[in-house]
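Analysis of the macromolecular model
What follows is the residue order along each chain.
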Amino acid sequence: SLVQVYLNGALLRTLRLRAGRYDVRDFAFYDGANEIEIVIEDDAGRTERLSFSAFSDKALLSPGLSEFTYAIGAPFDRARGETDYDLERFNASFRHRFGLTSRLTGALDGQSDGEVHQLGAGFVFAGLGGALERHAAASQSDGLWDGAVEAAYEIRLERFLGLEELRFDIAGDYIGPAFTRLGDFSADNLIAGSTSARLSAPLPGGVYASAGARYEFGRRGRADSWGANATLSRPFGPVT
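Predicted model only: the values in this text are computed from it and were never measured.

Criteria and thresholds
Residues numbered from 1 in each chain as written. Predicted model: local features only at pLDDT ≥ 70, side-chain atom pairs only at ≥ 80, totals over all residues. Heavy atoms only, no water. Helix = DSSP H or I, 4+ residues; strand = E, 2+ residues; numbered from the N terminus. Buried < 20%, exposed > 50% of the residue type's maximum accessible area, 1.4 Å probe, protein only. Contact = heavy atoms within 4.5 Å. Areas by Shrake-Rupley, 256 points an atom, 1.4 Å probe, with all protein chains shown as cover. Pairing = 2+ DSSP bridges. Phe/Tyr/Trp six-rings, centres within 6.5 Å; stacked < 30°, edge-to-face > 60°. Lys NZ or Arg CZ within 6 Å of the ring centre and 35° of its normal. Patch = residues over 30% accessible without salt bridge, like charges linked within 9 Å, V, L, I, M, F, W, Y side chains within 5 Å. Salt bridge = Lys/Arg side-chain N within 4 Å of Asp/Glu carboxyl O. Lys, Arg positive; Asp, Glu negative; His and termini not counted. Charge placed at Lys NZ, Arg CZ, Asp CG, Glu CD.

**Considerations on the overall build of the protein chain**
When its secondary structure is counted, the protein chain shows zero helices and 16 strands. Burial analysis of the protein chain (240 residues in total) assigns 26% to the buried set. Across the protein chain, contacts joining residues at least 24 apart in sequence account for 40% of those joining residues at least 6 apart. Carbon and sulfur atoms make up 57% of the accessible area of the protein chain, which amounts to about 16,200 Å² in all.

Below, the structure is given as C-alpha cells:
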C-alpha cells in the first residue's frame with residue numbers, strides 16, 4: 001500500500017509498505033498539540049484514513065528513557081593564572097529525569113557540600129492541550145530546614161482566533177525564608193515568591209509578538225514589585 005502521513009495538514013512522509021503490522025509512533029512531532037492523519041491506498045485503489053491527536057513537549061521523555069547528570073568537584077579561585085582549589089569543601093550534585101509514560105516524566109535532583117544539603121523532586125505532565133511542570137525541594141543548612149516549590153503550565157494552540165502557534169505560559173514559585181542553595185553563604189531570601197504570565201504568537205507579515213507580566217512578593221520589609229513588557233520582532237534577511 002501507499003501510505004501518506006500528514007502532520008498538522010502538511011505532508012510529512014510517503015511510504016510504500018507491504019502488508020503487516022507497523023509501529024507509527026516514530027514521528028518528528030512539533031511542541032504542543034499535533035494532528036496526525038494517515039492515508040492508506042492499496043493497489044486496488046481503496047483508500048482508508050486514520051486520524052488521531054498527540055501532544056509533544058521537549059521536557060517529556062519516552063517511557064523507559066532516562067536523562068541524567070552526576071557531578072563531584074571542589075570550588076576554586078583563579079588569580080594570576082593560578083587555580084586554588086578548596087579541597088575541604090568537596091561538593092556533589094545530580095539530576096535524573098526518567099520517562100514513566102508517554103505523558104508523564106519524573107525527576108529527582110540533589111546537591112550537597114557537607115554544610116548545605118538539598119533534595120528535590122518534580123514531574124512534567126502533558127494534557128489538556130499543554131504541559132504542567134512542578135518541582136519541590138527541601139534544604140538543610142546550619143540545622144535549619146526549609147523548602148521551595150515552583151509550578152508552570154504552558155499551552156500551545158496551533159490555531160486560535162486566526163492566529164497560528166499561539167503560546168501561553170503561566171508560572172509561580174514560593175521560596176522559604178531559610179531555603180539554601182549550594183554556594184549560598186547565608187539564607188536571606190527577601191523574595192518570598194513570584195507569579196508570571198506570557199502570551200506570544202506570530203502575526204502576519206513575519207512579525208512575532210509577545211507580552212508578559214511578573215509580580216514578586218517581598219518579605220522582611222522588602223516591598224512587592226511588578227513589571228510588564230511587550231515585544232515585536234521581525235527578521236530582515238540576516239538581521240532581526
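**Remarks on the pairing of strand β9 (residues 104–112)**
Relative to β9, strand β8 (residues 91–99) runs antiparallel, the two sharing eight bridges. Opposite R97, over in β9, you have A107 as the bridge partner. Between β8 and the antiparallel strand that follows it, β9, lie four residues. Where β9 and strand β10 (residues 116–127) come together, nine bridges link them in antiparallel fashion. Counted as the bridge partner of G110 is L119 from β10. Once β9 ends, the chain turns through three residues before running back antiparallel as β10, passing G114 with a positive phi of about 90 degrees.

**Points about the packing of aromatic side chains**
On inspection of all chains with the given rule, the structure shows four aromatic pairs. On the basis of an interplanar angle of 55 degrees and a centroid distance of 5.6 Å, the ring pair of F76 and Y85 is categorised as tilted. In this arrangement the basic side chain of R234 is found over the ring face of F236, its NZ or CZ atom lying 4.7 Å from the centre.

**Points about a negative patch on the surface**
On the surface, D77, E82, D84, D86 and E88 cluster together to form a negatively charged patch. Structurally, E82 is set in strand β7 (residues 82–85). Given a relative accessible area of 59%, E82 falls into the exposed group.

**Describing the pairing of β10**
Two strands pair when backbone bridges link them, and β10 and strand β11 (residues 130–141) are joined in this way by twelve bridges, in the antiparallel orientation. Looking at the pairing, G122 lines up with H135 of β11.

**Concerning unusual backbone geometry**
Positive phi, normally seen in glycine, also occurs at D142, with a value near 55 degrees. Take D142: it is sitting in the loop between β11 and β12 (144–160). Take D142: its relative accessible area is 73%, and that puts it in the exposed class. Even without glycine at this site, R220 takes up a positive phi of about 55 degrees. For R220, the location among the structural elements is in the loop between β15 (207–218) and β16 (225–233).

**Here we look at the pattern of salt bridges**
This model, assessed by the stated rule, comprises seven salt bridges. In this structure, R95 engages D109 in a salt bridge whose closest nitrogen and oxygen atoms are separated by 3.8 Å. With R95 in strand β8 and D109 in strand β9, this residue pair connects regions lying 14 residues apart in the sequence. The exposure class of D109 is buried, given its relative accessible area of 10%. The network of salt bridges with common partners includes E154, R167 and D169.

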